[in-house]
Amino acid sequence: MLMELKMRIGIIGAGNIGCTLAKKFSAAGHGVMLANSRGPESIKELASNLGAVAVTVHDAVKDVDALIIAIPEDRIPQLPKGLLANIPPHFPVVDTGNYYPGVRDEVIPEIDAGLVESQWVELQLGCPVIKVFNNIMSVSLAEKGRVQGDPERIALPVSGDDSEAKQTMIQLVNDAGLMVWMQVVS
């Protein structure tokens, strides 16, 4: 008997966070599509080992219930223009990144001048984003998930303006073995 998928999740980024989330969400019964900048053939075996399907960046956005972008912040403008032009209202788009100028990221003048990082990402993508999974290292994400009710369960904040999109992400945080610490609204 085939298990019915809970949600279909697209993940753009096959680094530590993207792969860890793909594995966790797949194990929780979600269908996961994993994409990177080099194309599906370059991650086909990796995706399969994580329980995901390797797809193109465009296919990671098609027919999914949520999209997680797990790439360095300075790479956001390199995503295809108009990639998210046809997403429905309240569609959860997650930015897992943080801006690390001079360490990993090229300088982003707008952020350095005071623009809030998530607002800059929203301007690049053309849609609202939810910030989550941006304050946990991939090792902790992979190893420290616990069942609901465990007193050692780690909590994460979920931040964004769209309460419906945040509710979807709160469920996915729970499915990753974590709990929501608080909801931050701007």
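Residues numbered from 1 in each chain as written. Predicted model: local features only at pLDDT ≥ 70, side-chain atom pairs only at ≥ 80, totals over all residues. Heavy atoms only, no water.

1. A few points about the packing of aromatic side chains
At step 1: This model, assessed by the stated rule, comprises 1 aromatic pair.
At step 2: Judged by centre distance (6.2 Å) and plane angle (70 degrees), the ring pair of Phe-25 and Phe-133 falls under edge-to-face. One end of the pair, Phe-25, is in helix H1 (residues 16–27); the other, Phe-133, is in the loop between strand E6 (130–131) and helix H5 (138–143), with 108 residues separating them in the sequence. (Phe/Tyr/Trp six-rings, centres within 6.5 Å; stacked < 30°, edge-to-face > 60°. Helix = DSSP H or I, 4+ residues; strand = E, 2+ residues; numbered from the N terminus.)

2. Remarks on the environment of Ala-14
At step 1: Relative to the helices and strands, Ala-14 resides in the loop between strand E1 (8–12) and H1.
At step 2: Judged by its relative accessible area of 23%, Ala-14 is partly exposed.
At step 3: For the pair Ala-14 and Gly-114, spaced 100 residues apart in sequence, the C-alpha separation works out to 30 Å.
At step 4: Setting aside chain neighbours within four positions, we find Ala-14 in contact with Cys-19, Leu-34, Ala-35, Asn-36, Ile-43 and Leu-46. (Buried < 20%, exposed > 50% of the residue type's maximum accessible area, 1.4 Å probe, protein only. Contact = heavy atoms within 4.5 Å.)

3. Observations concerning H1
At step 1: Its 12 residues give H1 an end-to-end C-alpha distance of 17 Å, which sits within 8% of 16 Å, the value for a rise of 1.5 Å per residue.
At step 2: With 9 of its 12 residues buried, H1 lies for the most part within the structure.
At step 3: Listing the buried residues of H1 in full gives Ile-17, Gly-18, Cys-19, Thr-20, Leu-21, Ala-22, Lys-24, Phe-25 and Ser-26.
At step 4: Backbone geometry just downstream of H1 places Gly-29 in the positive-phi region, at approximately 95 degrees. (Expected span 1.5 Å × (residues − 1).)

4. Points about helix H6 (residues 163–175)
At step 1: Along its 13 residues, H6 runs 18 Å from first to last C-alpha, staying within 8% of the 18 Å computed at 1.5 Å per residue.
At step 2: For H6, every residue scored as buried is listed here: Ala-165, Lys-166, Met-169, Ile-170, Leu-172, Val-173 and Asp-175.
At step 3: The opening residue of H6 is Asp-162, an N-cap whose side-chain oxygen sits 3.0 Å from the backbone nitrogen of Glu-164.
At step 4: Taken from the residues just after H6, Gly-177 is the one with a positive phi, measuring 85 degrees. (Polar contact = N/O pair within 3.5 Å; in protein donor to acceptor, adjacent residues only side chain to side chain.)

5. Comments concerning the pairing of strand E4 (residues 66–69)
At step 1: Residues of E4 alternate between two faces, with Ala-66 and Ile-68 on one and Leu-67 and Ile-69 on the opposite face, all of them buried.
At step 2: Pairing of E1 with E4 involves 4 bridges; the strand directions are parallel. Within E4, the position partnered with Gly-10 by the bridge is Leu-67. (Pairing = 2+ DSSP bridges.)

6. Examining the pattern of salt bridges
At step 1: Taken as a whole and assessed by the stated rule, the structure comprises 6 salt bridges.
At step 2: Where Asp-59 meets Lys-62, a salt bridge forms, and the shortest distance between an N and an O atom there is 3.3 Å.
At step 3: Counted as one network, the salt bridges with shared partners bring together Glu-73, Asp-95, Glu-117 and Lys-131. (Salt bridge = Lys/Arg side-chain N within 4 Å of Asp/Glu carboxyl O.)

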